[in-house]
Amino acid sequence: MCDFPFFSLVCTGEIFELKAELNSDKKEKKKEAVKKVIASMTVGKDVSALFPDVVNCMQTDNLELKKLVYLYLMNYAKSQPDMAIMAVNTFVKDCEDPNPLIRALAVRTMGCIRVDKITEYLCEPLRKCLKDEDPYVRKTAAVCVAKLHDINAQLVEDQGFLDTLKDLISDSNPMVVANAVAALSEIAESHPNSNLLDLNPQTINKLLTALNECTEWGQIFILDCLANYTPRDDRESQSICERVTPRLSHANSAVVLSAVKVLMKFMEMLPKDLDYYGTLLKKLAPPLVTLLSAEPELQYVALRNINLIVQRRPEILKHEMKVFFVKYNDPIYVKLEKLDIMIRLASQANIAQVLAELKEYATEVDVDFVRKAVRAIGRCAIKVEQSAERCVSTLLDLIQTKVNYVVQEAIVVIKDIFRKYPNKYESVIATLCENLDSLDEPEARAAMIWIVGEYAERIDNADELLESFLEGFHDESTQVQLQLLTAIVKLFLKKPTETQELVQQVLSLATQDSDNPDLRDRGYIYWRLLSTDPVAAKEVVLAEKPLISEETDLIEPTLLEELICHIGTLASVYHKPPSAFVEGSRGVQHKRLPGSAGSGESADSPDTGSAAGVSEAPPAVIPSQGDLLGDLLNLDLTPPTTSGPPPAPSSGMQMGAMDLLGGGLDSLVGLLHAAPPVPQRTDTPQSPQLSHQSPSPPDYSPTEVGPGDHAGPVKARSPAMGAGFGAPPTAMPASFPPPVSGGLDDLFDLGGSVGMPMGAYSPPKSIWLPAMKAKGLEISGTFARRAGVIQMEMTLTNKAMSIMTDFAIQFNRNSFGLAPAGPLQVLTPVGPNQSIEVALPLSTVGPVMKMEPLTNLQVAVKNNIDVFYFSSQYPISMLFVEDGKMERQVFLATWKDIPNDNEAQFQIKDCHLNSDAASSKLQGSNVFTIAKRTVEGQDMLYQSMKLTNGIWVLAELRVQAGNPNYTVSTVVCHVLCLC
Amino acid sequence: MIGGLFIYNHKGEVLISRVYRDDIGEAGLKAEQPIISRSVPKPVSCLKRNAVDAFRVNVIHARQQVRSPVTNIARTSFFHVKRSNIWLAAVTKQNVNATMVFEFLYKMCDVMSAYFGKISEENVKNNFVLIYELLDEILDFGYPQNSETGALKTFITQQGIKSQVPTKEEQSQITSQVTGQIGWRREGIKYRRNELFLDVLESVNLLMSPQGQVLSAHVSGRVVMKSYLSGMPECKFGMNDKIVIDKQGKGGGSEEAAKSGKQSIAIDDCTFHQCVRLSKFDSERSISFIPPDGDYELMRYRTTKDIILPFRVIPLVREVGRTKLEVKVVIKSNFKSSLLAQKIEVRIPTPLNTSGVQLICMKGKAKYKASENAIVWKIKRMAGMKESQISAEIELLPTNDKKKWARPPISMNFEVPFAPSGLKVRYLKVFEPKLNYSDHDVIKWVRYIGRSGIYETRC
């Protein structure tokens, strides 16, 4: 039975020879000829010309020959669909053969011939085979349905095969069940919404029974299918877990991992205090460790999965550190993965061992591995504080080896260690500096430059060192250039006397000779900053940096959850969701872990999280540019832009927003106001919705412009009046929300104010809290500024049947820090149907948080019955202070300094006052007219006003005389911060 | 699921190609370059490579060492394993169960070896028809089907010519076996002599620091059986598993428990052949099964506690100047003196710039193998509680290489006639209710072999 010669046959004329042999009478000869044909086919020769001759051999009772012919058919039928029809008859006949092996073979092969005409003929035989008495035929037919579905989904549905397939789940033969499950799962994947695999407790029970009896492969199909089921409650979840755990002892690692997947998923539903939960956790560890003694390829898959499992449930393997130690002969892909897991498992308890190992690895041959080992040492230092010192000394030892890539890698990680433990290990800087010349990788150079800049005051020759880098400035990569720029500016701020020349050099290099916009812009920012106010620059550039986090490169939690649902599959190997590498709709549904019964630990979905907070604080609409701005600022001021881990957060996505707030805000405040960061920041507890908006840009809370923060004459402009006042000083007119006009309307609501005395404008009272909502308490009110004091004037009406007493009031944080200046003075109880007027003086020194709309105020009122919440909007004008009149010269100078592109214009219609009347009316509201000009019949009023938090607003009011329905045509607002 | 399966030789030529799914196939086969007449160069327009070529170019012919057994090229994933010079690659475009694909590839190798021995280019070429037939049977539309050799051999035979049409009973017996609960055994097996061979094969792994501290040690063991039993026997296997013995101890009195507890071992984890009833093991920890006929691996296990380390390696490396290295290695055998270890081999790595080596050893033969950068010291036999020593002087060529020699660990190979984990077989009972032979009639052979796995001492 030596087939070897077939492989050596050479082409010309051979087709004819084969043709002759195929048509030979002798069976043996025929078979040999078909073998030769198949051999040629395998090596890629085109033997499709022999199609009719081969098909002629099909009618034989020799099973082997038949199989060969079928093999040929599967390959060529598609290219010769017309001739393939010739085979149909034989197929149909074979499907009736008394031998079940032949019946199955025929139906199996027919499914593989992807020719429409043939599929039509397939339906009848398939239907019969699905109900065949022999399980072998049925299990083959089950898979065939999936094949047919792949060719023609509609046909499968029309013919009702899906129902037959569903019936097969209850088949008596376990293998039939397994194949039916596999086929159904595949079909269901391409119909994400169909309820095809209708998993209910009964079917689950059937599957679990079949699980004990079918082949290893069948067990995998069933387990993978089970993983898609969501149990109704923790009891069901537990009982499934109990029946799945025995699979953990299976020799086939795919069975084991699929079982792990089911358990990991269903465990989410178990209450944590359950004994069984603990038992299960303990049961999971040994099989996972055993996977590591499998063949290297399987080890690799297992390790990639363990990486996920460890992130989700670190407790499972926390005592198993040793098994992840790298063996000398492990393939490199296994080594790298083990290293990753070692870092994840590193803790105070095992750090000594881990470090000893890592040091050993750093002397190995493979460059990638060594680098990763060095990096791992750094990560250990950051993760386990107690070990930091030892890690640093290990790194120093490694630097002494002078192996180039080791040194470079070590410097990169030492930089991160500095970020985590500032001012602790500067003693090593000297050693680092010795290796300056050997650094040739951008990342290492950038890290070194950052270190020099950061600790410039302690390095005597910092200027020389940086200067040496500057020589080849244009040949450096952007990363290094940016770092160099920042470092030199830092150096300048620390040692201004000796380094002026250097800083000028680098600034001109960055701004004039570079065509990289990032570099240029950063250069300009520094330049302006330094030339306007070095003190501010110092506070900006040398601001304290947030510490970097300990856990790096964690997978983002929602992705992790999805990947946990895909344990064992390619997705878990790539650490990517299936949609990232699978084409079409297949497998693109996102899977989620089921919610947990006992604990809130399983990451509440973002929606529910925000829903809870909504009633209290309406979600802040965040300007879209914020994102960009945040990035830009982050880039600018967090020195080691390349350090990989973003500052601060400890747990991925949700904290991402916080992080941006942390880093971004500080920078923002620093940059634009040259002021130290405001301690109070918008953070999660106050606005829970914030942290849930995933691509959350930093929120511009007015905190930043709070009183007393303005250290220098840095300008900030707000494009609009009214609501825009408190908004942060950035150029983003488009992002301003509609309520702007609301504020303006109020302010310029001059027409309606006929009967009002000269004085601050105050809107009429409106109902803030209807009685319906407050158990009979109705509150109406307004805001007013009276004699320099902001007052909240309220009428409390008791519409209930009982007496109300014990009134108290409280405000939520708001944009301008409004807070009650004293307690609510309601001394007498309010009887039924009684009203009482109260005036509450307000101060502006309360806690600040940006509201949306800006002038929104959330109030809580308490009485003996309950606490009630309402929100109201105050007119911006009540925040204008009495000393808002600016000196003419100052006004002029300031006006000029503000470029035109930040003007906002607004029109006010139906104003029946002349310019003088308007001016005096506005003055009543502390809007002061500084100058008046008449140009071409237009009166232009230049006005200034100052807000309680010290922001100046400049406005220009144009009044078209002679227009009865005259228009206030333009308002230009400038927000300006003067001390 | 698996979209296609290819077998390549080391040159990257396709020996076997079976496409199960359209998404990867078609183009792959049509544009496949003939491997024999390679004269026609591909036009530039063909640069869009198909699956078969993509794997050849990106993996087999890749310049760099393979960095992962799973490769994604143009949204197509390739899984590969290598057996000697042969590459087996499974291809898919879907999110398949990766573990299953690798398990399947190994299984495929097992099946092929069971049919025609070693997997070599020649054997694959000689048996290509058989391989196609097997692939057709064990992988349907990319779903692995029954892959038990025992079952397959009943109906896929290369002596297919003897195809006297099987009787109807035979046919249904075949199909019920292939699909049935006991897919690994057929009915009606008869032996004159009922015999059982049981081998406990252990490989002991060690990583030791130069100071003699055990960094990690574990035993991975296998229980391999050969059974020649008639009928459908029910077997029960027992060993000195601590959990079982403790359980029995509770019932039988504390003295016995203490006595046997000393000899019992703690098994960290074990996995079983699919014939073992896992649910029974899970609940009662008893290992019961209907064995396949012939060779099979009953269980695998792993232990980490109280391992008997058969050898201790004590290295002494001294650098004498920049051009000389003195190495002394002592090995001590640490088991009963009545037992003999065999096939002992100590491998001492030498630096790359070694120019010459002088060796003195008390026992066995030692040789410097320049091509392997190692001194290989072989001892045929060594009794327990003995000690032997080798000393070497290594001359080095002076180099400018700043990088220090990495000092790979000293590794050891050996074979000992006991189980380093301490595992003992307590019983193996056979029940065959239908045929009239009892447990006593079965001849049972038990053998323990401990081998070195990765047995390394750092120096």
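Chain B appears in an unreviewed UniProt entry as Adaptor related protein complex 2 subunit mu 1 from Sparus aurata. In its Subunit (unreviewed entry) section, the UniProt record describing chain B reads: "Adaptor protein complex 2 (AP-2) is a heterotetramer composed of two large adaptins (alpha-type subunit and beta-type subunit), a medium adaptin (mu-type subunit) and a small adaptin (sigma-type subunit)." The Sequence similarities (unreviewed entry) field of the UniProt record for chain B holds the comment "Belongs to the adaptor complexes medium subunit family."

You'll find chain A entered in an unreviewed UniProt entry as AP complex subunit beta, with Sparus aurata given as the organism. Regarding chain A, the relevant UniProt record gives this comment under Sequence similarities (unreviewed entry): "Belongs to the adaptor complexes large subunit family." The UniProt entry for chain A carries the following comment under Subcellular location (unreviewed entry): "Endomembrane system".

Take the overall build of chain B next. The secondary structure content of chain B amounts to ten helices and 23 strands. Per-residue burial for chain B yields a buried fraction of 54% across its 459 residues. Put simply, 70% of the contacts in chain B that link residues at least 6 apart link residues at least 24 apart. As displayed, chain B has an accessible area near 21000 Å², and 51% of this comes from carbon and sulfur atoms.

Within chain A one finds 39 helices and twelve strands. Within chain A, the fraction of its 979 residues that count as buried is 60%. In chain A, of all internal contacts separated by at least 6 residues, the share reaching a separation of at least 24 is 68%. Surface summary for chain A: the accessible area is close to 38000 Å², and the carbon and sulfur share equals 52%.

All names here are of chain A. Here the structure, examined in full by the defined rule, presents 56 salt bridges over all chains. Across the pair lysine 66 and aspartate 94 runs a salt bridge whose closest N-O atoms are separated by 3.0 Å. One end of the pair, lysine 66, is in helix α5 (residues 63-76); the other, aspartate 94, is in helix α6 (residues 81-94), and 28 residues separate them in sequence. Accessibility expressed as a relative area gives 4% for lysine 66, which makes it buried. Beyond isolated ion pairs, a larger network of salt bridges with shared partners links Arg371, Arg375, Glu409, Glu441 and Glu443.

The next thing to look at is unusual backbone geometry. Residue aspartate 806 of chain A is not a glycine yet carries a positive backbone phi of 55°. Assessed through its relative accessible area of 54%, aspartate 806 of chain A is described here as exposed. With phi around 60°, arginine 285 of chain B is a residue other than glycine that occupies positive phi space. Note on placement: arginine 285 of chain B falls in the loop between α10 (278-284) and β12 (287-289).

Before going further, it helps to examine the packing of helix α28 (residues 496-511) of chain A against helix α29 (residues 517-532) of chain A. Residue and element names in this part refer to chain A. Between α28 and α29, whose axes approach to 8 Å, the crossing angle comes to 140°. Considering their axes alone, α28 and α29 lie oblique with respect to each other. For the pair α28 and α29, the crossing hand works out as left-handed. Seen from α28, the contacting residues are Val503, Leu507, Ser508, Ala510 and Thr511; seen from α29, they are Leu519, Arg520, Gly523, Tyr524, Tyr526, Trp527 and Leu530. Classifying every residue of the contact of α28 with α29 by side-chain character gives eight nonpolar, three polar and one charged.

Bringing the packing of aromatic side chains into the picture now. Applying the stated criterion to the full structure yields 27 aromatic pairs over all chains. Geometrically, the ring pair formed by tryptophan 217 of chain A and phenylalanine 104 of chain B is edge-to-face, given 6.0 Å between the ring centres and 65° between the ring planes. In this pair, tryptophan 217 of chain A is assigned in helix α14 (residues 216-226) and phenylalanine 104 of chain B in helix α3 (residues 98-116), connecting two distinct chains. Accessibility classification places tryptophan 217 of chain A together with phenylalanine 104 of chain B in one group, the buried group.

This paragraph deals with the sheet that holds strand β2 (residues 777-786) of chain A. Residue and element names in this part refer to chain A. Pairing within the open sheet is antiparallel, and its five strands lie in the order β1-β2-β3-β6-β5. Two strands lie at the open edges of the sheet, namely β1 (766-769) and β5 (819-820), each paired on one side alone. Note that strand β3 (residues 789-798) and strand β6 (residues 835-843) share eight bridges and pair antiparallel. Paired with threonine 797 across the two strands is serine 835, which belongs to β6.

Residues and elements named next belong to chain A. Reading across from one edge, β4-β7-β8 is the order of the three strands in this open sheet, with antiparallel pairing throughout. Here the strands that pair on one side only, and so sit at the sheet edges, are β4 (808-811) and β8 (867-873). Neighbouring strand axes in the sheet, compared pairwise and without regard to direction, differ in orientation by 25° on average.

Here we take up the nonpolar core. Core analysis: the biggest nonpolar cluster contains 282 residues, and Tyr72, Leu126, Leu317 and Phe418 of chain A together with Ile7 and Phe79 of chain B have the highest contact counts within it. Broken down by element, this core gets its largest block of residues, 13 residues, from α3 of chain B. Ignoring any residue separated from it by four or fewer positions in sequence, one finds leucine 317 of chain A in contact with Ala285, Leu288, Val289, Ile306, Val310, Phe324 and Leu345 of chain A.

Detail in the predicted coordinates should be disregarded across regions flagged by low pLDDT. All names here are of chain A. The predicted model of chain A averages 75 in pLDDT, with 77% of residues at 70 or higher. Counting contacts from residues 597-758, a segment whose pLDDT is below 50, to residues more than four positions away or on other chains yields 303 contacts. This stretch, residues 966-979, has a pLDDT under 50; its non-local contacts, to residues over four places away or in other chains, come to 78 contacts.

Listed per partner, the contact involves 98 residues of chain B and 110 residues of chain A. Between chain B and chain A the total buried area reaches about 9300 Å² when both faces are included, carbon and sulfur atoms providing 56% of it. Of all residues in chain B, the largest losses of buried area upon contact with chain A belong to Arg67, Asn95 and Thr179 of chain B, amounting jointly to 7% of the total for that side. At the junction of chain B with chain A, the criterion picks out nine salt bridges. Considering every element that reaches the side of chain B that touches chain A, the biggest residue donor is α3 of chain B, with eight residues. Tallied by class, the residues present in the side of chain B that touches chain A amount to 40 nonpolar, 32 polar and 26 charged.

All names here are of chain B. The pairing of strand β16 (residues 340-349) with strand β19 (residues 374-383) spans nine bridges and is antiparallel. Note that in β19 the partner of glutamate 345 across the bridge is lysine 378. Of the pairings in the sheet, the one linking β16 to strand β21 (residues 410-416) comprises four bridges and is antiparallel in character. Counterpart to arginine 347 in the pairing with β21 is serine 411.

Now for the pairing of strand β20 (residues 387-396) of chain B. Residues and elements named next belong to chain B. Burial along β20 is one-sided: the face carrying Ser388, Ile390, Ala392, Ile394 and Leu396 is buried and the face carrying Glu387, Gln389, Ser391, Glu393 and Glu395 is not. Note: strand β15 (residues 324-333) against β20, nine bridges, orientation antiparallel. Looking at the pairing, lysine 324 lines up with glutamate 395 of β20. Bridging between strand β17 (residues 354-361) and β20 involves seven bridges; their strand directions are antiparallel. Looking at the pairing, glycine 356 lines up with glutamate 395 of β20.

We now examine the packing of helix α27 (residues 478-494) of chain A against α28 of chain A. The relative placement of two packed helices is expressed as an angle between their axes plus a distance between the axes. Residue and element names in this part refer to chain A. Close contact between α27 and α28 brings their axes to 8 Å; oriented N to C, the two are set at 155°. The orientation of α27 relative to α28 falls into the category roughly antiparallel. Handedness of the crossing formed by α27 with α28: left-handed. On α28, the residues that touch Leu485, Ile488, Val489, Leu491, Phe492, Leu493 and Lys494 of α27 are Pro496, Thr499, Gln500, Leu502, Val503, Val506, Leu507 and Ala510. Its residues placed into classes, the contact of α27 with α28 shows twelve nonpolar, two polar and one charged.

Attention now goes to α3 of chain B. Residue and element names in this part refer to chain B. Over its 19 residues, α3 extends 27 Å from the first C-alpha to the last, a length consistent with the 27 Å expected when each residue adds 1.5 Å. α3 sits mainly inside the fold: 16 of its 19 residues count as buried. Just beyond α3, the residue with positive phi is glycine 117, at close to 80°.

Attention shifts here to a positive patch on the surface. All names here are of chain B. A cluster of like positive charges, contributed by Lys365, Lys367, Lys378, Lys380 and Arg381, occupies part of the molecular surface. Those elements giving two or more residues to the positive patch turn out to be β18 (365-369) and β19. Top element by residues in the positive patch is β19. It accounts for three residues. For lysine 367, a relative accessible area of 56% translates into the label exposed.

With that settled, the discussion passes to the environment of aspartate 53 of chain B. Relative to the helices and strands, aspartate 53 of chain B is located in helix α2 (residues 51-60). Put simply, aspartate 53 of chain B and glycine 12 of chain B are 41 residues apart on the chain and 8.6 Å apart in space, counted from C-alpha to C-alpha.

The rules we used
Residues numbered from 1 in each chain as written. Chains lettered and ligands numbered in written order. Predicted model: local features only at pLDDT ≥ 70, side-chain atom pairs only at ≥ 80, totals over all residues. Heavy atoms only, no water. UniProt positions renumbered as here; feature names shortened; annotations may be inferred. Helix = DSSP H or I, 4+ residues; strand = E, 2+ residues; numbered from the N terminus. Buried < 20%, exposed > 50% of the residue type's maximum accessible area, 1.4 Å probe, protein only. Contact = heavy atoms within 4.5 Å. Areas by Shrake-Rupley, 256 points an atom, 1.4 Å probe, with all protein chains shown as cover. Salt bridge = Lys/Arg side-chain N within 4 Å of Asp/Glu carboxyl O. Axes fitted to C-alpha atoms, helices over the stretch in contact; angles between N-to-C directions. Parallel < 35°, antiparallel > 145°, perpendicular 65-115°, else oblique. Left-handed = near helix turned anticlockwise from the far one by under 90°. Nonpolar A, V, L, I, M, F, W, Y, C, P; charged D, E, K, R; others polar. Phe/Tyr/Trp six-rings, centres within 6.5 Å; stacked < 30°, edge-to-face > 60°. Pairing = 2+ DSSP bridges. Core = buried A, V, L, I, M, F, W, Y, C linked by side-chain atoms within 4.5 Å. pLDDT = per-residue confidence, 0-100. Buried area = accessible area lost by both parts, 1.4 Å probe. Expected span 1.5 Å × (residues − 1). Patch = residues over 30% accessible without salt bridge, like charges linked within 9 Å, V, L, I, M, F, W, Y side chains within 5 Å. Lys, Arg positive; Asp, Glu negative; His and termini not counted. Charge placed at Lys NZ, Arg CZ, Asp CG, Glu CD.

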